[in-house]
Amino acid sequence: MNAEPQGLATESMVQDPAQFGQLRFLLVEDNPVDVELLERGLRRAGFDFTFAVVQTPEDFTRELRTTRPHVVLADYNLPHWRGMEALEILAREGLDIPLILVTGALGDMTAVDCIKQGATDYVLKGALTRLPIAIRRSLQEKSLRDQRQRAEEDLARKVEELARSNRDLEQFAYVASHDLQEPLRMVAAYTQLLAERYRGKLDENADKYIGYAVEGALRMQTLILDLLAFSRVGQSESGRKNSECNAAITNALANLRSAIEESGARVMHDQLPAVAVDPTQLVQLFQNLIGNAIKFRSKEEVPAIQVSAEKQDARWLFTVADNGIGISPEYGDRIFVIFQRLHTREEYSGNGVGLAICKKIIEHHGGKIWVESEPGCGATFHFTLPAIPANL
């Protein structure tokens, strides 16, 4: 033959046969002389092996189940069946075992077709010196496939474990926060009652201590509500539907009315699109980002927030830009981590949950969020959300 199909074994792939240990070969062959030649050639190449010889599909299937060979060496033509039919049996048995055709004659087109159907390689009986190379190559490829499959299975298992862990954590956060609300509500109510009834009737330290208790109880209530809001993101898929961003911003601004009036903030937005997002979470997303811009405003300027969007394939890229105090680039990732704060409570209120909720909402809907900012130069938040499919 003048050429062999691309990808077949070459002399450069020769390696020490001892690395494979003792091998089990299954020979599909009806000629005892050819069996002897194959055995002699493999011994001469340094392989340590055992082998079985079969001539019928029934014998082949039985040997597969009992010995589980490392490599199948099959003649292309036998009296009652063809070696390529062994591939069908391997597939039916769910086995990934290399099959090398060892044949007396095989045209180029037939050889290529056999490789396409799943044969690992083919070797002419008149050129058996190439058989060890083909075997080594097939074993190396099988080892790589096994490694890849184990890696994929390990990754899938870890992904499932992480998803289960996240579900358990979210459920725990929800249950714990929900169960904490009632006793904490009682603590807050009674400490406030103490503060009202006994203010000025005890010594100065007592008033201060009661004030600390009231402040701590109220802060804990806020923290629990934030934790509940965070844990609820992604718990239900039923709300994922067409949501108008213009309506969502209108609702968000209504919820922020007091903060807007107190700060004099100007919030402007373009005509925004509809997106495939839970409408309640969309309101929460805009409310948190706009509220964040108002909170971290500059003392020298009236807060100015601009919201815009542009289409990018099947997504919308949103931008929320402000003229606030800005963020150092080194904290660009940290601000999206729950309970992470860059300022003291005396400087700015909050528990470090708002941006973490934004990130969770966006990622739950298949998008991503990031910030571009410099201290004193405002902050520009970018995030992506899925567009409404054209067929809806």
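Right above here is the structure, for reference.
Residues numbered from 1 in each chain as written. Predicted model: local features only at pLDDT ≥ 70, side-chain atom pairs only at ≥ 80, totals over all residues. Heavy atoms only, no water.

A short note on the overall build of the protein chain
Counting its regular elements, the protein chain contains 10 helices and 12 strands. The proportion of buried residues among the 392 residues of the protein chain is 38%. For the protein chain, long-range pairs separated by at least 24 residues make up 72% of all intrachain contacts whose partners lie at least 6 apart in sequence. Of the roughly 22,200 Å² that the protein chain leaves accessible, carbon and sulfur atoms contribute 51%. (Helix = DSSP H or I, 4+ residues; strand = E, 2+ residues; numbered from the N terminus. Buried < 20%, exposed > 50% of the residue type's maximum accessible area, 1.4 Å probe, protein only. Contact = heavy atoms within 4.5 Å. Areas by Shrake-Rupley, 256 points an atom, 1.4 Å probe, with all protein chains shown as cover.)

So, the packing of aromatic side chains
Scanning the model with the defined rule gives eight aromatic pairs in all. A centroid spacing of 6.1 Å and a plane angle of 90° characterise the contact between Phe336 and Phe381, whose relative ring orientation is edge-to-face. Placement of Phe336 in the loop between strand S10 (315-322) and helix H10 (354-364) and of Phe381 in strand S12 (residues 379-386) is noted, with a sequence separation of 45 residues between them. Each member of the pair, Phe336 as well as Phe381, is classed as buried. An aromatic cluster of at least three residues, connected via ring pairs, comprises Phe25, Phe47, Phe49 and Phe51. (Phe/Tyr/Trp six-rings, centres within 6.5 Å; stacked < 30°, edge-to-face > 60°.)

Here we look at a nonpolar patch on the surface
A cluster of nonpolar side chains, namely Met186, Tyr190 and Leu193, defines an oily patch on the protein surface of about 320 Å² accessible area. You can see Leu193 is positioned in helix H5 (residues 131-198). (Patch = residues over 30% accessible without salt bridge, like charges linked within 9 Å, V, L, I, M, F, W, Y side chains within 5 Å. Salt bridge = Lys/Arg side-chain N within 4 Å of Asp/Glu carboxyl O.)

Some remarks on the sheet that holds strand S4 (residues 99-103)
A sheet is described by the order of its strands in space; here five strands give the open sequence S2-S1-S3-S4-S5, paired in parallel fashion. Looking at which strands have only one partner, the edges of the open sheet turn out to be strand S2 (48-54) and strand S5 (121-124). Between one strand axis and the next, the sheet turns by 25° as a mean value, whatever way the strands run. Sheet analysis places strand S1 (residues 22-28) next to strand S3 (residues 71-74), joined by four bridges and oriented parallel. The partner of Leu27 across the bridge, within S3, is Leu73. Packed on one face of the sheet, helix H1 (residues 32-44) meets S1, S2, S3 and S4 and runs near 165° to S2. Strands S1, S2 and S3 of the sheet are contacted by helix H2 (residues 57-67), whose axis makes an angle of about 170° with S1. (Pairing = 2+ DSSP bridges. Axes fitted to C-alpha atoms, helices over the stretch in contact; angles between N-to-C directions.)

Points about empty space enclosed by the protein
Counted by the stated rule, this structure contains one cavity of 30 Å³ or more. For the largest cavity, the calculated volume is near 30 Å³. Phe25, Leu27, Val35, Leu38, Glu39, Leu42, Phe49 and Phe51 together form the lining of the largest cavity. If you tally residues by element for the lining of the largest cavity, the top one is H1, at four residues. (1 Å grid on protein atoms, 1.4 Å probe; cavity = no way out; pocket = protein on both sides within 12 Å on 5 of 7 lines; lining within 4 Å. Points joined across faces, edges and corners; volume = space filled by probe spheres on them.)

Describing the environment of Ala86
Topologically, Ala86 is positioned in helix H3 (residues 85-92). The sequence separation of Ala86 and Phe60 amounts to 26 residues, and the corresponding C-alpha distance is 7.7 Å. Residues in contact with Ala86, not counting those within four places in the same chain, are Phe60, Trp81 and Leu99.

Side note on the nonpolar core
One finds Leu282, Phe286, Leu289, Phe381, Phe383 and Leu385 to be the most contacted residues of the largest nonpolar core, which totals 34 residues. Looking at this core, the elements with two or more residues in it are helix H7 (245-255), helix H9 (279-295), strand S9 (304-312), S10, H10, strand S11 (369-373) and S12. Of the residues forming this core, the biggest block, eight residues, is contributed by H9. Aside from chain neighbours lying at most four places away, what touches Leu289 is Val320, Leu355, Cys358, Ile369, Phe381 and Phe383. Listed in part, the 24 residues of the second largest apolar core include Leu95, Leu106, Cys114 and Tyr122. (Core = buried A, V, L, I, M, F, W, Y, C linked by side-chain atoms within 4.5 Å.)

Describing the environment of Gln55
Its location among the elements puts Gln55 in the loop between S2 and H2. The class of Gln55 is partly exposed, set by a relative accessible area of 40%. Contact partners of Gln55, with chain neighbours within four places excluded, come to Glu29, Asp30, Leu78 and Trp81.

Examining the pattern of salt bridges
Taken as a whole, this structure holds 16 salt bridges when the rule is applied. Notably, a salt bridge pairs Glu29 with Lys125, separated by 3.0 Å at the nearest N-O pair. Note that Glu29 is positioned in the loop between S1 and H1 and Lys125 in the loop between S5 and H5, a separation of 96 residues in sequence. Using a relative accessible area of 23% as the deciding quantity, one classes Lys125 as partly exposed.

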